[in-house]
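Structural overview
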Amino acid sequence: IHPRGLTSTTPPLHINLTRLIVNDTITTGLQCLETGSSNINAFRHIRLPYRQNTVTLGFTALNYLGPDFNHYEYRMVGISDTWVNHQQRDIVRFANLPAGAYTFEVRATGAFPGSDSETRSLRIDIIAPLYLRPWFVILCIAAGAGFLFYQYYLYQARKAHLKQLEFDKRLALE
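Not measured: the values here are computed from a predicted model.

As a further point, take the overall build of the protein chain. For the protein chain, the count of helices and strands is one helix and nine strands. The secondary structure elements of the protein chain, listed N-terminal to C-terminal, are β-β-β-β-β-β-β-β-β-α. The long-range fraction of contacts in the protein chain, counting pairs at least 24 apart against all pairs at least 6 apart in sequence, stands at 63%. Total accessible area on the protein chain is roughly 12200 Å²; 58% of this is exposed by carbon and sulfur atoms.

Put into structure tokens, the structure is as follows:
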């Protein structure tokens, strides 16, 4: 064995999700839509009602060689495609997300070359309130049009009835 022939490889970092806080309350009972797991680190996709639209995510990179040198970058696709350098902070908060589909992505770099992590992602769907869903808007427009048509029909029927009464009155006077 020759020491010069040995190479050192640094294992890539693995990102784990550690916290999910919704509306500033630690969540319990949530399940991943894809895996069915209630373990936050196994989450790949969650769906939240529109009133639960403030999301705080915690994450960590498993690095036993130099955990103090981990640097994180994140982005929330659906809001911005730009990566945000988050330095060594391992928590991020998104307040008042509008209804829609988002993908949170985080990645890390370590102190050693080749120790970059793969990107960890979590899809977050904020469900629109009932009154903003397309089918409900279409239903309301159809109901409004039906109501206006019915009112027009009643108006025409009254108008015809009044003409008939006037005609009968004239006929009775002659």
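With that settled, the discussion passes to the nonpolar core. Within the largest apolar cluster, 27 residues are counted, with the highest numbers of intra-cluster contacts made by Leu 20, Leu 57, Phe 59, Phe 104 and Ile 124. Each residue touching Leu 20, except ones within four places of it in the same chain, is listed here: Ile 26, Thr 27, Leu 30, Ile 40, Phe 43, Ile 46, Val 55, Thr 56 and Leu 57.

Before going further, it helps to examine the packing of aromatic side chains. All chains considered together, the criterion is met by six aromatic pairs. Positioned above the aromatic ring of Trp 83, the side-chain terminus of Arg 107 is 3.8 Å from the ring centre.

In this section: the sheet that holds strand β7 (residues 91–94). Strand order in the open sheet formed by four strands is β2-β1-β4-β7, with antiparallel pairing between adjacent strands. Looking at strand neighbours, the two that pair on one side only are β2 (25–26) and β7, the edges of this open sheet. The sheet contact formed by strand β1 (residues 14–22) and β2 spans two bridges and is antiparallel. Within β2, the position partnered with Ile 21 by the bridge is Ile 26.

What counts and how
- Residues numbered from 1 in each chain as written.
- Predicted model: local features only at pLDDT ≥ 70, side-chain atom pairs only at ≥ 80, totals over all residues.
- Heavy atoms only, no water.
- Helix = DSSP H or I, 4+ residues; strand = E, 2+ residues; numbered from the N terminus.
- Contact = heavy atoms within 4.5 Å.
- Areas by Shrake-Rupley, 256 points an atom, 1.4 Å probe, with all protein chains shown as cover.
- Core = buried A, V, L, I, M, F, W, Y, C linked by side-chain atoms within 4.5 Å.
- Buried < 20%, exposed > 50% of the residue type's maximum accessible area, 1.4 Å probe, protein only.
- Phe/Tyr/Trp six-rings, centres within 6.5 Å; stacked < 30°, edge-to-face > 60°.
- Lys NZ or Arg CZ within 6 Å of the ring centre and 35° of its normal.
- Pairing = 2+ DSSP bridges.

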